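Geometric and topological summary
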Amino acid sequence: MENVNKSLAEVIQCIQKSIEYQTCISLKEKMADNEELSAKINKIKSLQKQYVKNQSSSIKKELDELEEQLKMIPIYTVYLQNLEIVNEKIDFVKDSLNDYFYSLLNL
C-alpha cells in the first residue's frame, strides 16, 4: 500500500509541476487581484444559481452575455485553455486507474 501511495503522490506532483498547472495558479492569483474580472465572475456564479432555480430566459440571456464578455478577456481565455489541459491530464490518470482496476478485478 505504501508503494501505491508513493506512486500516486508522484503522479500528483507531476501534474502540479506541469507548466499548465503552474500557469493556472499564477493566472488565478492575477485574476483575483482584478476587481472588474472578479466582479464579472461572481455575477456569473450568482446568475448560474438563479438560473438553476427558475430557468428564466432573461437570466439565461444575461448569463450568456456576461460569459461572452469574459471570453474576450485574454487572461481569462489563457486560464481556461490551461485549465482544460490540466483537467485532461487528471482525466487521463483517472481513466487509466479505472481501466487498471477493471482489468484487475474482472479477470
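It should be noted that the structure appears before, not after, this text.
This section reports on the structure supplied with the text. (Residues numbered from 1 in each chain as written. Predicted model: local features only at pLDDT ≥ 70, side-chain atom pairs only at ≥ 80, totals over all residues. Heavy atoms only, no water.)

A few points about the packing of helix 1 (residues 2–17) against helix 2 (residues 19–33)
Relative orientation of the contacting elements helix 1 and helix 2 amounts to 60°, with a least axis distance of 4 Å. It follows from the interaxial angle that helix 1 and helix 2 lie oblique. Judged by residue contacts, Ile 15, Gln 16 and Lys 17 of helix 1 engage Ile 19, Tyr 21 and Gln 22 from helix 2. Of the residues belonging to the contact of helix 1 with helix 2, the class tally is three nonpolar, two polar and one charged. (Axes fitted to C-alpha atoms, helices over the stretch in contact; angles between N-to-C directions. Helix = DSSP H or I, 4+ residues; strand = E, 2+ residues; numbered from the N terminus. Parallel < 35°, antiparallel > 145°, perpendicular 65-115°, else oblique. Contact = heavy atoms within 4.5 Å. Nonpolar A, V, L, I, M, F, W, Y, C, P; charged D, E, K, R; others polar.)

So, helix 5 (residues 74–105)
Helix length check: helix 5 (32 residues) gives 46 Å between terminal C-alpha atoms against 46 Å at 1.5 Å per residue, within 8%. Those residues of helix 5 that sit buried are Tyr 76, Tyr 79, Asn 82 and Val 86. Contact partners of the buried residues in helix 5: helix 1, helix 2, helix 3 (35–54) and helix 4 (57–71). (Expected span 1.5 Å × (residues − 1). Buried < 20%, exposed > 50% of the residue type's maximum accessible area, 1.4 Å probe, protein only.)

A word on the nonpolar core
Counting 14 residues, the largest nonpolar core has Met 31, Ile 44, Leu 47, Leu 70 and Tyr 79 as its most contacted members. Of all the elements in the fold, those that place two or more residues in this core are helix 2, helix 3, helix 4 and helix 5. No other element matches helix 4, which puts four residues into this core. (Core = buried A, V, L, I, M, F, W, Y, C linked by side-chain atoms within 4.5 Å.)

Focus on the state of the cysteines
Inspection of the entire model under this criterion finds zero disulfides. Free of any disulfide, Cys 14 has its nearest neighbouring cysteine sulfur in Cys 24, separated by 15 Å. For Cys 14, a relative accessible area of 55% puts it in the exposed group. We classify Cys 24 as buried; its relative accessible area is 5%. (Disulfide = S-S within 2.5 Å.)

Structural notes on a nonpolar patch on the surface
On the surface, Met 1, Val 4, Leu 8, Ile 12, Leu 97, Tyr 100, Phe 101, Leu 104 and Leu 105 cluster together into a nonpolar patch covering about 930 Å² of accessible area. When residues of the nonpolar patch are traced back to their parent elements, those giving at least two are helix 1 and helix 5. Considering every element that reaches the nonpolar patch, the biggest residue donor is helix 5, with five residues. The class for Val 4 is partly exposed, based on a relative accessible area of 43%. (Patch = residues over 30% accessible without salt bridge, like charges linked within 9 Å, V, L, I, M, F, W, Y side chains within 5 Å. Areas by Shrake-Rupley, 256 points an atom, 1.4 Å probe, with all protein chains shown as cover. Salt bridge = Lys/Arg side-chain N within 4 Å of Asp/Glu carboxyl O.)

Overview of helix 3
Given a rise of 1.5 Å per residue, 20 residues ought to cover 28 Å, and the 29 Å separating the end C-alpha atoms of helix 3 matches this to within 8%. Leu 37, Lys 40, Ile 44 and Leu 47 are the residues of helix 3 that are buried. For helix 3, the angular spread of the buried residues around the axis is 90°, confining them to a single face. What points out from helix 3, more than 90 degrees from its buried face, is the exposed set Glu 35, Lys 49 and Lys 53. A side-chain oxygen of the first residue of helix 3 lies 3.1 Å from the backbone nitrogen of Glu 36; this N-cap is Asn 34. Downstream of helix 3 by one or two residues, Gln 55 has phi in the positive range, about 50°. (Arc of directions from axis to C-beta. Polar contact = N/O pair within 3.5 Å; in protein donor to acceptor, adjacent residues only side chain to side chain.)

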